Amino acid sequence: MLKIAPSILSADFKNLEQQVRLAERGGADWLHLDIMDGHFVPNLTFGPLVVEAIRSITRLPLDTHLMIEDPSRSIDDFRAAGSTRLTVHVEAAVHLHRVVEQIREKGMKAGIALNPSTPASAIKEMIPFVDLVNVMTVDPGFGGQEFIRPMLRKIREVAEMIAASRSRAYLEVDGGISERNAAELVRAGATVLVAGHSVYARRNVSAAIRSLRKAATR
């Protein structure tokens with residue numbers, strides 16, 4: 001069941017098609033796309049046009065993570081661009097249930113994300129309505145950060161909440177993931193590992209993805 005989702009944020013954008021192909025060759029299950037607006041998080045990345053360009057060169061599911069203010073305004077744009085899954089932040093959506101329903105009505109899978117400082121209890125009532133929960137294990141906004149170890153407890157807590165509700169939602173862990181901690185995260189309950197720097201900073205991207213999967217499933 002484990003999914004590996006390389007984060008394009010850490011890829012070489014001068015050779016984006018090649019970087020996508022290398023992820024495919026390494027056996028990536030999804031591609032993770034970090035959308036940042038420079039307001040909700042202190043960085044600005046890319047928008048629907050880049051998502052559309054990536055969609056045109058791969059059949060992999062596009063796991064689109066909206067780190068933006070008022071995500072409801074962008075649902076149609078990212079659906080049109082070809083997103084498979086759309087994840088919004090608990091902290092950015094005032095009417096979270098409504099936004100999740102809008103995503104699903106547009107034919108996409110809906111995910112919700114938690115910043116490190118947000119307790120797991122903030123999503124308890126939403127578990128039955130979502131297809132994915134993203135536990136951020138770094139403060140969002142930049143790639144290549146160190147994993148925040150106390151988040152292991154939150155991962156376990158969210159895993160227990162998903163099991164208790166008999167949900168089939170994925171538990172995605174995002175931030176500071178590498179071969180050193182992958183197995184520990186899976187044991188804690190993670191079913192999707194988002195990896196950017198630990199994949200795209202390596203000389204052999206495809207081999208890095210295979211090594212991460214092997215490390216995670218030891």
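Being a predicted model, the structure only gives us computed values, none of them experimental.

Participant: Can you tell me about the packing of aromatic side chains, naming the residues and giving the values?
Facilitator: Following the criterion strictly, the structure yields 2 aromatic pairs and no others. Between Phe 13 and Phe 46, the ring centres sit 5.7 Å apart and the planes meet at 45 degrees, which makes this aromatic pair tilted. Note that Phe 13 is positioned in the loop between β1 (3-6) and α1 (16-25) and Phe 46 in the loop between β2 (31-36) and α2 (48-55), a separation of 33 residues in sequence. Accessibility expressed as a relative area gives 11% for Phe 46, which makes it buried. Between Trp 30 and Tyr 170, the ring centres sit 5.1 Å apart and the planes meet at 90 degrees, which makes this aromatic pair edge-to-face. On the criterion of sequence distance, the pair formed by Trp 30 in the loop between α1 and β2 and Tyr 170 in strand β7 (residues 170-174) is long-range, its members being 140 residues apart.

Participant: Go over the packing of α1 against helix α8 (residues 205-216) with me, naming the residues and quoting the values.
Facilitator: As a packed pair, α1 and α8 sit with axes 7 Å apart at the nearest point and diverge in direction by 35 degrees. Where α1 crosses over α8, the handedness of that crossing is right-handed. Within the contact between the two elements, α1 uses Leu 22, Ala 23 and Arg 25 and α8 uses Val 205, Ser 206, Ile 209 and Arg 210. Split into classes, the residues belonging to the contact of α1 with α8 amount to 4 nonpolar, 1 polar and 2 charged.

Participant: Explain the layout of surface pockets residue by residue, including any values.
Facilitator: For the largest pocket, the calculated volume is near 530 Å³. Lining the largest pocket are 35 residues; nearest its centre among them are Gln 145, Gly 175, Gly 176, Ile 177 and His 197. Here the element with the most residues in the lining of the largest pocket is helix α7 (residues 197-200); it accounts for 3 residues. Of the residues that constitute the lining of the largest pocket, the class distribution is 14 nonpolar, 13 polar and 8 charged.

Participant: An account of unusual backbone geometry is requested, with residue identities and associated values reported.
Facilitator: Of note, the phi angle at Asp 70 is positive, near 45 degrees, even though the residue is not glycine. Take Asp 70: it is sitting in the loop between β3 (62-67) and α3 (75-81). With a phi angle near 60 degrees, Arg 166 is a residue other than glycine that sits in the positive phi range. With respect to the helices and strands, the residue Arg 166 is situated in the loop between α5 (151-164) and β7. Looking at Arg 166, the relative accessible area reads 79%, which means it is exposed.

Rules of the game
Residues numbered from 1 in each chain as written. Predicted model: local features only at pLDDT ≥ 70, side-chain atom pairs only at ≥ 80, totals over all residues. Heavy atoms only, no water. Phe/Tyr/Trp six-rings, centres within 6.5 Å; stacked < 30°, edge-to-face > 60°. Helix = DSSP H or I, 4+ residues; strand = E, 2+ residues; numbered from the N terminus. Buried < 20%, exposed > 50% of the residue type's maximum accessible area, 1.4 Å probe, protein only. Axes fitted to C-alpha atoms, helices over the stretch in contact; angles between N-to-C directions. Left-handed = near helix turned anticlockwise from the far one by under 90°. Contact = heavy atoms within 4.5 Å. Nonpolar A, V, L, I, M, F, W, Y, C, P; charged D, E, K, R; others polar. 1 Å grid on protein atoms, 1.4 Å probe; cavity = no way out; pocket = protein on both sides within 12 Å on 5 of 7 lines; lining within 4 Å. Points joined across faces, edges and corners; volume = space filled by probe spheres on them.

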